[in-house]
Amino acid sequence: MKLSLGSLYRPSRFPLLLKSYPISRSRRSFCVSSLSSPETSLKPQIPLFLRPPIYSTTLSDLRKWHDWAESLASSVGSTFEKSDNGPDSSLLCRELKWLLEDAVEDHTLVSQMGVENDRRVRMRAHVDELYNLWKQRIQERRPFQYVVGCEHWRDLVLSVQEGVLIPRPETERIVDFVSDVVSKDQELKRGVWADLGTGSGALGIGISRILGSEGRVIATDLSRVAIAVASYNVHRYGLKDIIEIREGSWFEPLKGLEGKLAGLVSNPPYIPSKDISGLQAEVGRHEPRVALDGGVDGMDALLHLCDGAALMLKPGGFFAFETNGEQHCRALVDYMENNKSGSFCNFEIIPDFAGIERFVTGFHGKAI
Amino acid sequence: MGCSQEGEVEAKKEEKIKLGREKASIASYCAAAVSEEHDSLAPSFARVPLGMVFATQIRFWGSQAAPEQSTSDGLTVDGILASNWTILDENEGDWKSHATAVAQSIHLIKRRLQWRKLIVRLNMLSAELNKPDLWDDPVHAGKISREHGSLQGKMKEVNALEQELLEHIDMIKLAREENDEDLESESVKALLNMRRNSKEKELEALLAGEQDLYSCYIEVQAGAGGTESMDWAAMVMQMYKSWAQRRGYKVTVVEEMPGEIAGIKRATIKVDGDYAFGYAKAEVGVHRLVRISPFDSNKRRHTSFAAVAVTPILGDASAHVQINESDLRIERFRSGGPGGQHANTTESAVRIVHIPTGITATCQNERSQHQNKASAMAVLQSRLDQLEMARQAHLNAQHTQSLTDITWGSQIRSYVLHPYRMVKDLRTNYEVSDPDSVLEGDLDGFILSYLSACLDKDEDGA
């Protein structure tokens, strides 16, 4: 969750600011399922695959559920794909396989599901809950990652929940950039890095693991849900000594570090406001708008980050930002060259694996 | 009761072995002295410890310098074979029968190991190892010394078998001379044990190829002919999955491209476990199916094809071909739309193209793009390694073995479901009249008959 405009986090019935936007259509009654935690305590939810296998069911009941879920997925065909580039049946079936993997304690038993039998399997969720979860996935288009409470990102499995942006595969690349840069410059490796608007903590954690024990990362976010989830993920990967989670908007929690950062990364909200209403249902209806909406042209947060980077980075410091695409990348480089002339150098615009120019990277010029 | 008796027998045996050992040490001293002269040609053999050789007669074959072992009265393994003793049932306690069976196994094992070629190769490697500048290229040196070690290991193992066989025979003869029945029956028993174990050793010798021990990828691709062929490709893939699971291998789907209506256009699985490649390599080629097509409303007979490729996954990182990051093009498998924050998808398949060779690899079954990329890289690495091995095999005529050919190969097997039912291997003529069991993964008969046909027909091998 990120916000540049300084708006305050308002505790609402459901996590996050969705309430204040007319776009959030669903009251999301599914949140009463055990997957949600009470919003007041801000205790992060435990991903399905980490929950204790305290339930049990017969293989034949599991199979009944699976057959039902599969036919529900098949009934989708390509309708989601046609309406908003959502998932088709084959993707949904793969997700179903993963849901099963996460829910059943012993995966090897899943292959025996074909044989009708009374053998019991230990489960991390009640079968009734599985019915519920899959209905949410198909009928409400609840993102799969919220359904299972986690996202596989790089070599990590990160906990995610409503109120936190699900990290995207594109963003994985930023960690590669950092890896390249620090392998060439040991001094950067030992410096302080910042991940602004960390959300689930993905970038911060990815970078911490690159820097190793010598490094230090500060990850900030405005949202208390994000803070809770990111802290949980940091804890799970045993990175408490390297990465520090701070609550606040963009650079606010970094006071006192002016001119000291070795590196700065961010995947800020960058979707132009007018595009929000047309988003894929999984995104538009369920993910926090504050992590998506980048203002009129989608550049609000990005420009704010550029301004801040000029102040916060030390000479030779590295930055990498994710953007909406080619236009953003060009505009950002223009802005830095013209408005921050001399501050930055060695700009690079790097495409994602789909071939879309996605990232802008560069260094803080030696002379401030 | 038997305890003290056995102890006595053991003690007698010990004594006789000691006696033998004294003889042997003289023999090996001689051998060392002799081979010293041949050192430039066969340096490796001087280092092979002869250990407890009973033999007193050691001959040298020109540059080969392979000592032919014999019993105290001059009986050699070849001599046993030439005697044409009748092989009786295992239960008949006849030592000649056991000895002949073991000698035959040793002969077969040697043939399977391509014994003569092995000796030539070993000599070549030894010469290479003795070059003073060998370690200037550590990668090459490592390769040479690994291969040398592995070939020498195989050679030692066979020599040890021969030696053991002759020792037992010597012991039996000795026991007879001294009317020592305990020792005789003890030794016959040992011979019988050898006979039983040697069957297993024969099988092991089938999988003595350099890469046989490794895990592998099996890739199945549908031939021309649309849905019917794609369905057949899926059946073939299923056959391998079941086969691998039966053998206790771990199976992971790396990539699967489903057909529009049924089946698969292409799929790759990873088969993890010892000797996965050794067995699976026998399946490389085109598999043909004849049946009444379930997709043909007129119930006509159709012939479809599926091609199978098998790639070893080299266990040793230093053997890998170096891949330059700049030679790679990495693409998202399915894209479209603005991506990034706009899209929520669990589809993170990646395709990697190695630009100089045009070889591609895809992985789509992992849950993150990063992991899909890593898996695809592993597939790409194996394919490039295989390409390199094929290239070197051409340079090194010695080692050319069609088995590791990277091409999809020609038709190897026919599966007929109609008008009669039969699966027949076109290379060995091995056939089975129950196609269902084969399609359920009962492939070992085909694989073993092919592997043995391949190695055993090679007459000059032994």
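For clarity, every value in this text was computed on a predicted model and none was experimentally measured. As a convention, each chain's residues are numbered from 1 in the sequence order in which they are written. Chain letters and ligand numbers both follow the written order, the letters beginning at A and the numbers at 1. The predicted nature of this model means local features are confined to residues of pLDDT at least 70 and side-chain atom pairs, given and counted, to a pLDDT of 80 or more, with totals for whole chains, interfaces and linings taken over all residues.

Draft legend 1. Quick look at the UniProt feature "domain: Peptide chain release factor" (unreviewed entry) in chain B. According to UniProt, the positions carrying the feature "domain: Peptide chain release factor" (unreviewed entry) are residues 173–283 of chain B. Helix makes up 51% of residues 173–283 of chain B and strand 23%, with an end-to-end C-alpha separation of 48 Å. UniProt positions are given in the numbering used here, feature names are shortened, and annotations may be inferred rather than shown by experiment. Numbering goes from the N terminus for both helices and strands, where a helix is a DSSP run of H or I of at least four residues and a strand is a run of E of at least two.

Draft legend 2. Geometry of the sheet that holds strand E8 (residues 359–363) of chain B. Residue and element names in this part refer to chain B. In spatial order, the strands read E6-E7-E8; together these three strands make up an open sheet with antiparallel pairing. Of all the strands in the sheet, the pair left with one neighbour each is strand E6 (328–332) and E8. The mean inter-strand angle of the sheet, taken between neighbouring strand axes irrespective of direction, is 15°. Bridging between E6 and strand E7 (residues 350–354) involves five bridges; their strand directions are antiparallel. The residue bridging Ile-330 from the neighbouring strand is Ile-352, located in E7. Each pair of strands is called paired provided DSSP finds at least two bridges between the two strands. Note on definitions: angles span 0 to 180 degrees between N-to-C directions of axes, and those axes are lines fitted to C-alpha atoms, for helices only across the stretch in contact.

Draft legend 3. Representation of the interface of chain B and chain A. Note that contacts rest on C-beta atoms placed from the backbone: two residues are in contact if these are within 7 Å. In this complex, chain B contributes 24 residues to the contact, which on the side of chain A involves 33 residues. Listing elements by their share of the side of chain B that touches chain A, those giving two or more residues are E6 and helix H10 (369–395) of chain B. Side-chain classes are defined by residue name, with Ala, Val, Leu, Ile, Met, Phe, Trp, Tyr, Cys and Pro counting as nonpolar, Asp, Glu, Lys and Arg as charged, and the others, Gly among them, as polar. Grouping the constituent residues of the side of chain B that touches chain A by class yields five nonpolar, 15 polar and four charged.

Draft legend 4. Just the domain arrangement of chain A, in detail. Residues and elements named next belong to chain A. Domain start and end points were adopted from an automatic or database domain assignment. Looking at chain A, the domain boundaries give domain 1 (48–148) and domain 2 (169–364). One C-alpha centre belongs to domain 1, the other to domain 2; they are set 34 Å apart. Contact residues are listed per partner, giving seven residues for domain 1 and five residues for domain 2. Considered class by class, the residues forming the side of domain 1 that touches domain 2 number two nonpolar, two polar and three charged.

Draft legend 5. Fine view of the nonpolar core. A set of buried Ala, Val, Leu, Ile, Met, Phe, Trp, Tyr and Cys residues, joined through C-beta atoms within 7 Å, is what we mean by a nonpolar core. In this scheme the burial state of a residue depends on its C-beta neighbours within 10 Å: 20 or more other such atoms mean buried, 12 or fewer mean exposed, and anything in between means partly exposed; the C-beta positions come from the backbone. Counting 90 residues, the largest nonpolar core has Trp-193, Ile-207, Val-229, Leu-261, Leu-264, Leu-302 and Ala-320 of chain A as the members making the most contacts within it. If you tally residues by element for this core, the top one is helix H9 (residues 224–236) of chain A, at eight residues. Of the residues that make up this core, three or more belong to each of domain 1 (48–148) and domain 2 (169–364) of chain A. Grouped together as the second largest cluster of nonpolar side chains are 78 residues, Ala-175, Leu-206, Val-236 and Tyr-240 of chain B included.

Draft legend 6. Structural context of the sheet that holds strand E4 (residues 285–292) of chain B. Residue and element names in this part refer to chain B. Strands sit in the order E2-E3-E1-E5-E4-E9-E10-E11 across an open sheet of eight strands; the sheet is mixed. With partners counted over all chains shown, the strands left at the sheet margins are strand E2 (250–258) and strand E11 (431–432), one partner each. Both E2 and strand E3 (residues 264–272) contribute to a ladder of eight bridges, which runs antiparallel. Looking at E3, one finds that Glu-255 is bridged to Thr-268. Strands strand E1 (215–222), E2, E3, E4 and strand E5 (301–313) of the sheet are contacted by helix H8 (residues 226–246), whose axis makes an angle of about 45° with E5.

Draft legend 7. The arrangement of the confidence of the model for chain B in detail. Residue and element names in this part refer to chain B. Residue-level confidence of the predictor is what pLDDT reports, using numbers from 0 through 100. Per-residue confidence for chain B gives a mean pLDDT of 80, with 79% of residues at or over 70. Within chain B, strand E10 (residues 422–425) carries the highest mean pLDDT (96), whereas helix H2 (residues 43–47) carries the lowest (36). Every residue in residues 20–65 is under pLDDT 50, and counting partners more than four places away or in other chains gives 64 contacts. Scored below 50 in pLDDT, residues 397–407 makes 16 contacts in the model with residues more than four places away or belonging to other chains.

Draft legend 8. Representation of helix H1 (residues 59–76) of chain A. All names here are of chain A. Along its 18 residues, H1 runs 26 Å from first to last C-alpha, staying within 8% of the 26 Å computed at 1.5 Å per residue. Burial in H1 covers these residues: Leu-59, Leu-62, His-66, Ala-69 and Ala-73. Summarising the axial view, the buried residues of H1 lie within an arc of 90°, below the 170-degree limit, and thus occupy one face. Opposite its buried face, H1 presents the exposed residues Asp-67, Ser-71 and Ser-75, each directed more than 90 degrees away. Those residues of H1 that are buried lie in contact with strand E1 (55–58), helix H3 (89–103), strand E2 (120–123) and helix H4 (127–139). Trailing H1 by a residue or two, Gly-77 shows a phi angle of about 55°, which is positive. A helix is expected to span 1.5 Å for every residue after the first. Arc definition: it is the arc formed by the directions from the helix axis to the C-beta atoms.

Draft legend 9. Representation of H8 of chain B. Here H8 of chain B is 21 residues long and its end C-alpha atoms lie 30 Å apart, about the 30 Å a rise of 1.5 Å per residue gives. At the C-terminal side of H8 of chain B, Gly-248 of chain B shows a positive phi close to 85°.

Draft legend 10. A look at unusual backbone geometry. Residues and elements named next belong to chain B. For the bond from His-418 to Pro-419, the omega torsion is 10°, close enough to zero to count as cis. Tracing the sequence through the fold places Pro-419 in the loop between strand E9 (411–416) and E10. With a phi angle near 55°, Lys-299 is a residue other than glycine that sits in the positive phi range. Relative to the helices and strands, Lys-299 resides in the loop between E4 and E5. Taking the C-beta count within 10 Å as the criterion, Lys-299 has 9 such neighbours and is therefore assigned exposed.

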